[in-house]
Amino acid sequence: MPTVLITGASRGLGLELARQYVEAGWRVIACARSPAKAADLGALAVASNVRMTVHPLDVTDHGQVETLARELDGLPIDVLINSAGVMGRESFADQGMAIQRFGQTDYDDWMHTLRVNVFGPMKLAEAFVENVAASGQKKLVTLTSMVGSMGQNTFGGLYAYRSSKAAANCIMKSMAIDLQRRGIIALPMHPGWVRTEIGGPRGELDVATSVAGMRRVIEGLTPAQAGRFLQWDGRELPW
Ligand SMILES: NC(=O)c1ccc[n+]([C@@H]2O[C@H](COP(=O)([O-])OP(=O)(O)OC[C@H]3O[C@@H](n4cnc5c(N)ncnc54)[C@H](OP(=O)(O)O)[C@@H]3O)[C@@H](O)[C@H]2O)c1
């Protein structure tokens, strides 16, 4: 039975990833910042008949990441998915767009956005690389975003979120190169514009469609796709 570890599994894409991987018969290590508040995830774990376990994990708390890594020492993890993410303040996704305007920068919040969206995936990869290397599938995926693409930036703004996702693309590209010799396929993936708290109600996709697409892409990944910037339906995006 293959194993997947998912961060940010309390809601949105992370929760749907957990749901679909459980349904597909995988062992799921679901990480959530506050499991006690993640009722849907808890119910899913109970229904999974112990194939899914829930672990408290704030990805900015490196001590907590290291504790979980010690707990899971020796357990092969076929797929590690960094889904935990934040958009940063001054965003209005509920209105269909998100803006971090020039002149309104909240630097503390920007730093928090970087801690979650960039340092989080980096720390998870460093903490669990041996688990991934010991697995059959050896895949390391971070949900970044097309708004981290320079080529697709046509309306400006969004300084904190864009820069965090561009940086996340950068680290996944480097990891793809550095970890290829260990047989690990690392890459950034854009889930599409999805109706979640981050995507807002005007998103183009529902979570089920996005996650089904991403699972298909992840399932079919080849070493030649390491370090490519792919989206949920397998299409490649410009950096
Ligand atoms: N939805 C879209 O259109 C879209 C587009 C491009 C990229 N993405 C990316 O996809 C990923 C998932 O987003 P989503 O759409 O599912 O958003 P969401 O519904 O807002 O979910 C965000 C998740 O991240 C978790 N999280 C936030 N800070 C965390 C921390 N410090 N430690 C651990 N978990 C933390 C949240 O946990 P709590 O419940 O504890 O807050 C929640 O589970 C994000 O990386 C996002 O940037 C989404």
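See the structure above.
Residues numbered from 1 in each chain as written. Predicted model: local features only at pLDDT ≥ 70, side-chain atom pairs only at ≥ 80, totals over all residues. Heavy atoms only, no water.

Would you mind going over the overall build of the protein chain with me for this structure?
Within the protein chain one finds six helices and seven strands. The secondary structure elements of the protein chain, listed N-terminal to C-terminal, are β-α-β-α-β-α-β-α-β-α-β-α-β. Relative to the 2.2 N^0.38 estimate, which gives 18 Å for 239 residues, the radius of gyration of the protein chain is 17 Å and therefore close to what a compact globule would have. In terms of its C-alpha atoms, the protein chain occupies a principal-axis envelope of roughly 50 × 40 × 35 Å. By the burial criterion, 50% of the 239 residues in the protein chain qualify as buried. A separation threshold of at least 6 residues defines the contact pool for the protein chain, and within that pool the share at least 24 residues apart is 70%. When the accessible surface of the protein chain is summed, it comes to about 11,000 Å², and 52% of that surface belongs to carbon and sulfur atoms. The positive charge centre, built from 24 side chains, and the negative charge centre, built from 23, are 3 Å apart in the protein chain. (Helix = DSSP H or I, 4+ residues; strand = E, 2+ residues; numbered from the N terminus. Rg over C-alpha atoms; globule rule 2.2 N^0.38 Å. Buried < 20%, exposed > 50% of the residue type's maximum accessible area, 1.4 Å probe, protein only. Contact = heavy atoms within 4.5 Å. Areas by Shrake-Rupley, 256 points an atom, 1.4 Å probe, with all protein chains shown as cover. Lys, Arg positive; Asp, Glu negative; His and termini not counted. Charge placed at Lys NZ, Arg CZ, Asp CG, Glu CD.)

Please clarify how the site of the ligand should be interpreted in this entry.
Near the ligand there are 29 residues, and of these S10, L13, R33, Y161 and T196 occur at the shortest range. In the model, an oxygen atom of the ligand is placed 2.7 Å from a nitrogen or oxygen of the L13 main chain. Starting from 890 Å² of accessible surface for the ligand in isolation, the protein chains cover 94%. Those elements giving two or more residues to the shell around the ligand turn out to be α1 (12-23) and α5 (159-180). (Near = heavy atom within 4 Å. Polar contact = N/O pair within 3.5 Å; in protein donor to acceptor, adjacent residues only side chain to side chain.)

Would you explain the sheet that holds strand β7 (residues 230-231) in this entry?
Strand pairing in a sheet takes place through backbone hydrogen bonds and is either antiparallel or parallel in direction. Within the open sheet, the seven strands sit side by side as β3-β2-β1-β4-β5-β6-β7. Their pairing is parallel. Only two strands of the sheet have a single neighbouring strand rather than two, namely β3 (52-56) and β7. Pairing between strand β4 (residues 79-82) and strand β5 (residues 139-143): four bridges, direction parallel. Pairing of I81 across the sheet is with V141, part of β5. In this fold α5 packs onto β5 and β6 (185-190), with an angle of close to 160° to the strand it touches most, β6. Against the sheet, helix α6 (residues 207-219) engages β4, β5, β6 and β7, with an angle of about 150° to β5. (Pairing = 2+ DSSP bridges. Axes fitted to C-alpha atoms, helices over the stretch in contact; angles between N-to-C directions.)

I keep staring at the environment of A30 and nothing clicks. Help me out?
In this fold, A30 is placed in strand β2 (residues 27-32). For A30 and P56, which are 26 residues apart along the polypeptide, the C-alpha to C-alpha distance reads 8.7 Å. Not counting the four nearest positions on each side in its chain, A30 is found in contact with I6, A9, L41, M52, T53, V54 and H55.

Even after reading the chapter, I still don't get the packing of aromatic side chains, so can you show me in this structure?
Two aromatic rings are characterised by how far apart their centres lie and by the angle between their planes. Counted under the stated rule, the structure contains four aromatic pairs. Arranged with centres 6.0 Å apart and planes meeting at 20°, the rings of Y107 and W110 form a pair that is stacked. Of this pair, Y107 and W110 both sit in helix α4 (residues 107-133), three residues apart, which is roughly one turn of that helix. On the accessibility criterion, Y107 (59% relative accessible area) is exposed. Between R162 and the ring centre of F155, over which it is positioned, the NZ or CZ distance is 5.0 Å. The residue whose ring lies beneath R215 is Y21, and the NZ or CZ to ring-centre distance is 5.2 Å. (Phe/Tyr/Trp six-rings, centres within 6.5 Å; stacked < 30°, edge-to-face > 60°. Lys NZ or Arg CZ within 6 Å of the ring centre and 35° of its normal.)

Honestly, that's just the spatial picture; any functional story needs more than this.
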